[in-house]
Amino acid sequence: MRRKIVAGNWKMNGTLDDAIKLTSEIAGMYKDEINSDVQVVLSPPFPFLNSVSKLTNNTAIKVAAQNCAAQASGAFTGEVSASMITSCGAGYVILGHSERRTYFSDTDEVLLLKVRQALLNGLQVIFCIGETKAERESNSHFDCVEKQILNVLSQLTPDEFAKCIVAYEPVWAIGTGLTASPAQVQEMHHFIREVLKKQFGEQASETSILYGGSCNENNAKELFALPDVDGGLIGGASLKSRSFISIIKSF
Ligand code: 13P
């Protein structure tokens, strides 16, 4: 079923104490103020996954990792496997984020392996795609996004794809304060759904497609009202409990 989802990507911010405080604040406000069908997901750094999972255990809030290894286990110093993430209580993993693609060589080939590891270990995947500023300016943004889909998501079986959520994050909008316009967002989300339909047919109507990139409490309402937008992947604004709760309430 196509779900409304608001996910907070905390990236590499804060300490364990900060993570506990933020989670407790969000869980408290969520209990008091949120009465909706929006799935809320928190994505802390790896070392805090278990604590955040325990703190949200008796709530409807779910937990995501920000990455996972392409391998199942073994001599890969510093890596974190999908099974480790599952064992820490997380149910989701963000894969393909532009920061991973840009700084950590997460190519489409590597990402397909990571997605498969995640799915094998029962994680739902929030798969990020999006074009750079140069790609948009040269009018190749549709080609870029289509290629990112074809190389990874289109390689999955329908059952595997059913466990995937797509996040459209134009790189030029991430952390810049420049939000894509509602017209740009709807145009791209519709395009993404059409590309997915070519492979998966009507199943793609059930896929949640989130928007990410300087989404905040001031613009979320307008973005979430768009027909092909099913929620948001929130960076900076997810680090402030009040802002994050306001975004959830924007639906
Ligand atoms: P910002 O909301 O800080 O622009 O980050 C978006 C993002 O990268 C979420 O994954």
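Residues numbered from 1 in each chain as written. Predicted model: local features only at pLDDT ≥ 70, side-chain atom pairs only at ≥ 80, totals over all residues. Heavy atoms only, no water.

Caption draft 1: View of the overall build of the protein. Summing up its helical and strand segments, the protein has eleven helices and eight strands in all. On C-alpha atoms alone, the protein measures out to a radius of gyration of 17 Å, which is about the 18 Å that the 2.2 N^0.38 rule sets for 251 residues. Projected onto the principal axes, the alpha-carbon positions of the protein cover approximately 45 × 45 × 35 Å. Classification of the 251 residues of the protein by burial places 52% in the buried group. Contacts in the protein between residues at least 24 apart in sequence constitute 72% of all its contacts with a sequence separation of at least 6. On the protein, roughly 11100 Å² of surface is accessible, and the fraction owed to carbon and sulfur atoms is 53%. Charge centroids of the protein, computed over 23 positive and 27 negative side chains, lie 4 Å from each other. (Helix = DSSP H or I, 4+ residues; strand = E, 2+ residues; numbered from the N terminus. Rg over C-alpha atoms; globule rule 2.2 N^0.38 Å. Buried < 20%, exposed > 50% of the residue type's maximum accessible area, 1.4 Å probe, protein only. Contact = heavy atoms within 4.5 Å. Areas by Shrake-Rupley, 256 points an atom, 1.4 Å probe, with all protein chains shown as cover. Lys, Arg positive; Asp, Glu negative; His and termini not counted. Charge placed at Lys NZ, Arg CZ, Asp CG, Glu CD.)

Caption draft 2: Local environment of the pairing of strand S2 (residues 38-43). When you tally the buried positions in S2, you get six out of six residues, the bulk of the element. In S2, alternate side chains face the same way, and those of Val 38, Val 40 and Leu 42 on one face and Gln 39, Val 41 and Ser 43 on the other are all buried. In this structure, strand S1 (residues 4-9) lies alongside S2, joined through six bridges in parallel fashion. What sits directly across from Gly 8, in S2, is Leu 42. (Pairing = 2+ DSSP bridges.)

Caption draft 3: A look at the site of the ligand. By nearness alone, every residue bordering the ligand is listed as Asn 9, Lys 11, His 97, Glu 169, Ala 173, Ile 174, Gly 175, Gly 213, Ser 214, Leu 233, Gly 235 and Gly 236. Side-chain polar atom of His 97 to an oxygen atom of the ligand: 2.7 Å apart, as the coordinates give it. Coverage of the ligand by the protein chains reaches 94% of its 310 Å² of free accessible surface. Residues belonging to the shell around the ligand are distributed by class as follows: three nonpolar, seven polar and two charged. (Near = heavy atom within 4 Å. Polar contact = N/O pair within 3.5 Å; in protein donor to acceptor, adjacent residues only side chain to side chain. Nonpolar A, V, L, I, M, F, W, Y, C, P; charged D, E, K, R; others polar.)

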